[in-house]
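# Notes for the structure review
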Amino acid sequence: MQDTPPVAVLRLGHRPGRDERMTTHVGLTARALGADRVVLAKAGASRSGTIEDITDRFGGPFAVETTDSPIGYLNDWDGPIVHLTMYGLPVQEVEDEIRDAHETEPILVVVGAEKVPWDVYEEADYNVGVTNQPHSEVASLAVFLDRLFEGEELDREWKDADRHVVPQEAGKRVDEE
Ligand code: SAM
């Protein structure tokens with residue numbers, strides 16, 4: 001993942017009240033597993049502060065953006081668009097092609113919450129299923145990013161962190177600056 005073009009995650013369809021934690025977790029998962037930024041559409045923008053707070057404390061770089069026009073954001077994206085959906089082609093069949101494209105082009109990964117508009121299926125270059133079973137945008141995003149980066153994101157180093165978790169066989173240790 002060193003020196004590859006950016007990966008952004010667009011979160012669609014946030015339902016106030018019901019999706020607060022899921023939208024936050026989409027952002028935190030995008031950050032932890034190697035994406036460069038999350039783009040929160042419409043009401044999902046309310047979760048920006050929580051995700052930025054984690055980046056302030058545990059490091060980055062990671063950006064949080066918002067948009068009132070998610071379809072416009074998709075249309076303007078200059079690079080492959082990957083829409084994660086249970087109806088898509090199996091990730092294991094398309095990951096190599098997407099990884100090759102990512103060597104030269106930024107990727108936009110789109111995840112939904114409620115029903116995703118048909119425009120997104122049409123605008124996507126790849127509709128990708130992480131299994132063709134219904135589950136969660138957080139789970140599908142995590143598996144997809146790990147496949148895209150082939151596990152290299154697990155060794156990522158974080159800049160400007162106030163807190164560093166020191167892995168322990170048992171117990172918790174966090175060093176603070
Ligand atoms: N039936 C809904 C739809 O129209 O897409 C599924 C909603 S699901 C609760 C929320 C999101 O999780 C989906 O928009 C999709 O991004 C993701 N998702 C759920 N299952 C998935 C799977 N098997 N593969 C990839 N993404 C999945």
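The structure this text deals with has already been given above.
Overview of the structure. None of the values given here were measured: they were computed from a predicted structure.

## Some details on helix H4 (residues 91-102)
Working note: α-helix, 3.6 residues per turn, so residues spaced by three or four point in the same direction. Along H4, the residues classified as buried are Val91, Val94, Glu95, Ile98, Arg99, Ala101 and His102. The buried residues of H4 occupy an angular sector of 150 degrees when the element is viewed end-on, so they sit on one face. More than 90 degrees from the buried face of H4, the exposed residues found are Glu93 and Asp100. The inward-facing, buried residues of H4 abut strand E1 (7-11), strand E4 (81-90), strand E5 (107-111), strand E6 (126-129) and helix H6 (137-149).

## Considerations on the sheet that holds E4
Here we have six strands laid out as an open sheet, ordered E3-E2-E1-E5-E4-E6, and parallel in their pairing. Taken across any chain shown, the strands that pair with only one partner, and hence form the sheet edges, are strand E3 (63-67) and E6. Neighbour-to-neighbour, the strand axes of this sheet turn through a mean angle of 35 degrees, independent of strand direction. Both strand E2 (residues 37-41) and E3 contribute to a ladder of five bridges, which runs parallel. Its bridge partner lying in E3, alanine 41 is registered against threonine 67. Strands in contact with H4 are E1, E4, E5 and E6; relative to E4, the strand with the most contacts, it is inclined by about 170 degrees. In the packing of H6 onto the sheet, contacts are made with E1, E4 and E5, and the angle to E1 comes to roughly 165 degrees.

The rules behind the values
Residues numbered from 1 in each chain as written. Predicted model: local features only at pLDDT ≥ 70, side-chain atom pairs only at ≥ 80, totals over all residues. Heavy atoms only, no water. Buried < 20%, exposed > 50% of the residue type's maximum accessible area, 1.4 Å probe, protein only. Helix = DSSP H or I, 4+ residues; strand = E, 2+ residues; numbered from the N terminus. Arc of directions from axis to C-beta. Contact = heavy atoms within 4.5 Å. Pairing = 2+ DSSP bridges. Axes fitted to C-alpha atoms, helices over the stretch in contact; angles between N-to-C directions.

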